[in-house]
Amino acid sequence: YSFCTLLANMRSIALLVCCTTAVAQFTYELPDSWYTNSPECNNNLQSPINLETVNAEASETSFLKLWIPRKPLTPVAVTASGPVLSVDLSSRGITLTGQGFWSQYTLHEMRFHAPSEHLLEGVRYPLERQLIFRPSDFHELQVLDQERSPVIVIAELYTRDDSKPDLMIKSLIDAGLGGSGSSTIDGGASNNLQNFKPSFNFMNDEFFVYPGSLTTPPCSEVVTWHVSTKLHTISGDQRTTIDTLIQGLTGVNQNGHPPPSEVTSLSGDSQTLPPGNARPLQNVNGRTIKKGKFYSLD
C-alpha cells in the first residue's frame, strides 16, 4: 500500500485542529454564514478549492507509508451528525508515516461528500471521499489539554463507471451500509458494520498538496490536504446508495449545496448531481499548491 506525505517545507503549517470544542449545528442551506458561529470559517486558508495544474508547483517525489495491521476485524460505526456522513475507523489501527511528517498519524474517520467539494481542473464530480488522519497520540494530547493538533486529509474524487465499482464502497455496502434502516441514519445515530475491510489504491496516484482547513465548522486551518488527481470510479448503484444516505441527512435534503448541477462521466454521459453536502469553493489567497507523486517501501 502507498500514499502521500507532508512536504518538508509545509511542516510548520499544520499546527492546530480543534477536536474537542463543541460546534453549533450547521446546515448546507447557508454555508457562507457558518462564520457567525465559527469565526475561523471566514479566514484566509479555507477549503475546498479548485485545483489546477497550471497553478501548481511540481514537487519532488517523497516517501510515504500506509500500514494496515493484520488483525481480526472490529465493528465500525457509520454515523450521521447533522449533514455529515462518517465511518469511524479509529479502532482499526491504520497508520500513515512519511517524510517531513510532524508525527505518525492514525486513520480516524472516513467522510463522504456528494457532490465533490474540491474541483479538479474546474470540474466538480459526483462524490468525494476524505480519509482523516490525526496524530497517533491524539488521545494523550487531549489528556494534556492539547486540544488542537495537525491533521492530514487524503481526498479522492469519483466519477461513474458501471464497469468499475469501487472496492471499498462495495465492502461498506456488503457489510450493511444502505441496508434496512440505514437511509434514516441521523441525529447522531449509528449503524455498526462488522465485516467492513478497508482497501486503498493510491500506488500510481499523483496528488495536489496544499495547506487548508476542515470543510465543516469549526473550519480549523490546520489541515494538509492531499487530493488525488486520479479519478476513482463508482457504479450507478453505489452512487445511488451514497446519495440516498446523504440526501436523508439533516441540513441537506433539498436545500443542500451546491444546487443541482451536471458533470460528465468517463463514458461522456451527462450526470445530474442532486443538492448535497459540499461546501462552496474558497479563495486560494496566494497559497502554494504543489503537485507530485510519493513512493513507499513495502
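Look a little higher up for the structure.
On a predicted model such as this, the values are computed, not experimentally measured, just so you know.

(A) Representation of the environment of proline 280 within the structure. Tracing the chain through its elements places proline 280 in the loop between strand S16 (270-273) and strand S17 (290-292). When the C-alpha atoms of proline 280 and proline 258 are compared, they prove to be 7.1 Å apart, with 22 residues separating the residues in sequence. Not counting the four nearest positions on each side in its chain, proline 280 is found in contact with Pro31, Asp32, Pro48 and His257.

(B) The packing of aromatic side chains, seen in detail. Evaluation of the coordinates by the stated rule reveals five aromatic pairs. Measuring from ring centre to ring centre gives 5.4 Å for tyrosine 28 and tryptophan 34, while their planes differ by 75 degrees; the resulting arrangement is edge-to-face. In this structure, tyrosine 28 and tryptophan 34 share a single accessibility class: buried. A ring pair is formed by phenylalanine 207 and phenylalanine 294, whose centres lie 5.8 Å apart and whose planes are at 65 degrees; its orientation type is edge-to-face. Highlighted residues: phenylalanine 207 in strand S12 (residues 207-212) and phenylalanine 294 in strand S18 (residues 294-295), separated in sequence by 87 residues. Here the aromatic residues Phe26, Tyr28 and Trp34 are joined through ring pairs into a cluster of three or more.

(C) Quick peek at helix H3 (residues 236-247). With twelve residues, H3 should reach 16 Å at 1.5 Å per residue; the first-to-last C-alpha distance of 16 Å fits that figure. Of all twelve residues that make up H3, nine are buried, and the element is covered over most of its length.

(D) View of helix H2 (residues 167-174). Within the span of H2, buried status applies to Met168, Ile169, Ser171 and Leu172. Along the axis of H2, the buried residues cluster in a sector spanning 155 degrees; they form a single face. The exposed set on the far side of H2, more than 90 degrees from its buried face, consists of Leu167 and Asp174. Of the residues that open H2, the one with a side-chain oxygen 3.2 Å from the backbone nitrogen of methionine 168 is aspartate 166. Just downstream of H2 lies glycine 176, where phi reads positive at about 130 degrees.

Rules of the game
Residues numbered from 1 in each chain as written. Predicted model: local features only at pLDDT ≥ 70, side-chain atom pairs only at ≥ 80, totals over all residues. Heavy atoms only, no water. Helix = DSSP H or I, 4+ residues; strand = E, 2+ residues; numbered from the N terminus. Contact = heavy atoms within 4.5 Å. Phe/Tyr/Trp six-rings, centres within 6.5 Å; stacked < 30°, edge-to-face > 60°. Buried < 20%, exposed > 50% of the residue type's maximum accessible area, 1.4 Å probe, protein only. Expected span 1.5 Å × (residues − 1). Arc of directions from axis to C-beta. Polar contact = N/O pair within 3.5 Å; in protein donor to acceptor, adjacent residues only side chain to side chain.

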